Amino acid sequence: MFRFGNKDIGIDLGTANTNVFVAGKGIVLREPSVVAKDTVTGEIVAVGEDARNMIGRTPGSIVAIRPMKNGVIADYDTTAAMMKYYIEKAIGKSTSKPFVMICVPSGVTEVEKRAVVDATRMAGAKDAFIIEEPFAAAIGAGLPVMDPTGSMVVDIGGGTTDVATIALGGIVSSRSIRLAGDRMDDVIIHYVRKKFNLLIGERTAEQIKIQIGCASVEKASEYGVMDIRGRDLLTGLPQTIEISAVDIAEAIQEVVEGIVVAVRETLEETSPEISADVIDHGIVLTGGGALLKNMGDVIAEETDVPVFVANEPLDCVALGTGDSLKHINMYKKRANR
């Protein structure tokens, strides 16, 4: 037996961003999941925001990478080093190691879960426990996950979109698809290159998505235009062009449609009783993708179910992961079975 400690932590280890929750303090760290490494020595040069600022601006010997891809570990050693940095930054260097609750997408395999647990232990955790992202998101959004009433959450992150119906403390039906924020950035880059012969980077694509990105082509004209800068592929010189919200809505349609399909398929698998609860209480959107303009409207139109954006969509998974620390003894017992 062990008790809920004041230095136990919950980690929302996302493809795009990592949030760290410390027991008794709340979310103390919000950093990009990016690491800058020296390719010659293998030394880690920067982590988090400092590393993110290096993307597209590094010399040949330094590369800025995201060690997480589609919600799972793509580079084990770099992920462990990144987590060690975040754990120490959140709670300081201490002789007592923390217990860590860490979230993963609902569709990951047991091997991928084990890799996350092992990397967390390697990063300095006394022990690590897994919670699925949509369940954590539902807790963080304040949904009654332990009640017999059914709830539905759509967590649109960086690498994955997780859709789940939840009741009585468990996931009833779920989908995890690799269509989310990063995929939107990729299709924006491809669209701008194809239509305007302009090469832009990941950060520019993300800024476009945040500023004028819209899930509905019909409503996109309301959000106007913006100037973007990149490299002209014909002349090779820097170029500034004007791009409209309608262009961006058209670019990301395939991603939006894929998310809508995942929501519909999850609803189709859900029992009539839980479906009735979802119709009564609506679908809750969490994650960075919940902030995409008109995303909730598009899902509502396609499903005939009310859709609401959580109060703190970017923090829901981290808050839910942190809240689950209160029940860490239960996770310990499950792990020992």
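The structure under discussion appears in the preceding block.
Keep in mind the model is a prediction, meaning the values are calculated, not measured.

> It is not clear to me how the overall build of the protein chain should be interpreted in this structure. Could you clarify?
When helices and strands are tallied, the protein chain shows 12 helices and 18 strands. At 20 Å, the protein chain has a C-alpha radius of gyration in line with the 20 Å of a compact globule built from 337 residues. Projecting the C-alpha coordinates of the protein chain onto the three principal axes gives extents of approximately 65 × 55 × 30 Å. Across the 337 residues in the protein chain, those meeting the buried criterion constitute 53%.

> Would you mind showing me how to read the sheet that holds strand β14 (residues 198-199) here?
Where strands meet in a sheet, backbone hydrogen bonds hold them as pairs that are either parallel or antiparallel. Read across the open sheet, the three strands follow the order β14-β15-β16; overall the sheet is antiparallel. Each of the sheet's edge strands pairs with one partner strand only, and the pair in question is β14 and β16 (238-244).

> Any chance you could explain the pattern of salt bridges here in plain terms?
Should the charged atoms of two oppositely charged side chains come close, the side chains can pair. Under the defined criterion, the tally for this structure stands at 17 salt bridges. For the salt bridge of Lys 195 with Asp 247, the shortest nitrogen-to-oxygen distance reads 2.8 Å. Here Asp 247 lies in helix α7 (residues 245-251) and Lys 195 lies in helix α5 (residues 181-196), a separation of 52 residues in the sequence. The exposure class of Asp 247 is buried, given its relative accessible area of 9%. Across the pair Glu 301 and Lys 219 runs a salt bridge whose closest N-O atoms are separated by 3.8 Å.

> Just checking my understanding: could you explain the sheet that holds strand β17 (residues 283-286) for this structure?
Strand order in the open sheet formed by five strands is β13-β12-β11-β17-β18, and the pairing between neighbours is mixed. Only two strands of the sheet have a single partner each, and these edge strands are β13 (170-177) and β18 (307-309). Here the strands of the sheet are splayed against their neighbours by 20° on average, with no regard to which way each runs. The sheet contacts of helix α4 (residues 133-140) involve β11 (151-156), β12 (161-167), β13 and β17, and relative to β12 the element is tilted by about 65°.

> Any chance you could explain the side chain of Glu 31 here in plain terms?
Looking at the element boundaries, Glu 31 is found in strand β3 (residues 26-32). On the basis of relative accessible area, Glu 31 is assigned to the buried category, the value being 10%. Among the polar contacts made by the side chain of Glu 31, one reaches the side chain of Lys 89 at a distance of 2.7 Å. When residues no more than four places from it in sequence are discounted, the contact partners of Glu 31 are Asn 17, Thr 18, Asn 19, Gly 48, Glu 49, Tyr 86 and Lys 89.

> Hey, could you run me through the side chain of Thr 15 in this one?
As for its placement among the helices and strands, Thr 15 is situated in the loop between β1 (9-13) and β2 (17-22). Those residues in contact with Thr 15 that sit more than four places away from it in its chain are Ser 33, Arg 66, Met 68, Lys 69, Asn 70, Gly 71, Gly 158, Gly 159 and Asp 182.

> Just checking my understanding: could you explain a nonpolar patch on the surface for this structure?
Judged by side-chain polarity, Leu 291, Val 309 and Leu 314 come together as a nonpolar surface patch covering roughly 270 Å² of accessible area. By secondary structure assignment, the location of Leu 314 is in the loop between β18 and α11 (316-323).

> It is not clear to me how the environment of Thr 79 should be interpreted in this structure. Could you clarify?
With respect to the helices and strands, Thr 79 occurs in helix α2 (residues 76-91). Residues contacting Thr 79, with those up to four places away along its chain left out, are Leu 13, Pro 67, Met 68 and Ile 73.

> Explanation requested: α4 in the structure shown.
Each α-helix winds once per 3.6 residues, and so residues spaced three or four apart point in a common direction. Within α4, seven of the eight residues are buried, which leaves it mostly tucked inside the rest of the structure. Two residues or fewer after α4 comes Gly 142, characterised by a positive phi angle close to 85°.

> Explain the packing of aromatic side chains to me, please; I cannot follow it from the model alone.
Aromatic rings in a pair are described by how distant their centres are and how their planes are angled relative to each other. The full count for this structure, using the stated rule, is two aromatic pairs. Relative to Tyr 86, the ring of Tyr 85 has its centre 5.5 Å away and its plane inclined at 65°; by these criteria the two rings are edge-to-face. Here Tyr 86 falls in the buried class, since its relative accessible area comes to 2%. In this structure, Lys 293 is placed above the aromatic ring of Tyr 223, and the distance from its NZ or CZ to the ring centre is 5.6 Å.

> Where do I start with the pairing of strand β10 (residues 127-132) in this structure?
Within a regular beta strand, the side chains point alternately toward one face of the sheet and then the other, so they alternate between its two faces. Most of β10 sits out of view: five of its six residues are buried. Inspection of the sheet shows strand β9 (residues 99-104) paired to β10 by six bridges, in the parallel sense. In the sheet register, Cys 103 faces β10, and the bridge partner there is Ile 131. Handedness of the crossover is the feature at issue here: the chain leaves β9, passes through helix α3 (residues 110-122), returns alongside β10, and the resulting connection is right-handed.

> Any chance you could explain the packing of α4 against α11 here in plain terms?
How two helices sit against one another is set out by the angle between their axes and by the gap between those axes. Where α4 contacts α11, the axes come no closer than 6 Å and their chain directions differ by 90°. Between α4 and α11, the interaxial angle falls into the category roughly perpendicular. Contact residues: Glu 133, Ala 136, Ala 137, Ile 139 and Gly 140 in α4; Cys 316, Val 317, Leu 319, Gly 320, Thr 321 and Asp 323 in α11. A breakdown of the residues in the contact of α4 with α11 according to their chemical character gives six nonpolar, three polar and two charged.

> Please explain the packing of α2 against α3 as it appears in this structure.
Between α2 and α3, the least distance of the axes is 8 Å, while the angle of their chain directions is 50°. When the interaxial angle is binned, α2 and α3 end up oblique. Crossing of α2 against α3: the hand is right-handed. Contact residues: α2 offers Tyr 76, Asp 77, Ala 80 and Met 83, while α3 offers Ala 115, Asp 118, Ala 119, Thr 120 and Met 122.

How each quantity is defined
Residues numbered from 1 in each chain as written. Predicted model: local features only at pLDDT ≥ 70, side-chain atom pairs only at ≥ 80, totals over all residues. Heavy atoms only, no water. Helix = DSSP H or I, 4+ residues; strand = E, 2+ residues; numbered from the N terminus. Rg over C-alpha atoms; globule rule 2.2 N^0.38 Å. Buried < 20%, exposed > 50% of the residue type's maximum accessible area, 1.4 Å probe, protein only. Pairing = 2+ DSSP bridges. Salt bridge = Lys/Arg side-chain N within 4 Å of Asp/Glu carboxyl O. Axes fitted to C-alpha atoms, helices over the stretch in contact; angles between N-to-C directions. Contact = heavy atoms within 4.5 Å. Polar contact = N/O pair within 3.5 Å; in protein donor to acceptor, adjacent residues only side chain to side chain. Patch = residues over 30% accessible without salt bridge, like charges linked within 9 Å, V, L, I, M, F, W, Y side chains within 5 Å. Areas by Shrake-Rupley, 256 points an atom, 1.4 Å probe, with all protein chains shown as cover. Phe/Tyr/Trp six-rings, centres within 6.5 Å; stacked < 30°, edge-to-face > 60°. Lys NZ or Arg CZ within 6 Å of the ring centre and 35° of its normal. Right-handed = clockwise from strand over helix to strand, strands pointing away. Parallel < 35°, antiparallel > 145°, perpendicular 65-115°, else oblique. Nonpolar A, V, L, I, M, F, W, Y, C, P; charged D, E, K, R; others polar. Left-handed = near helix turned anticlockwise from the far one by under 90°.

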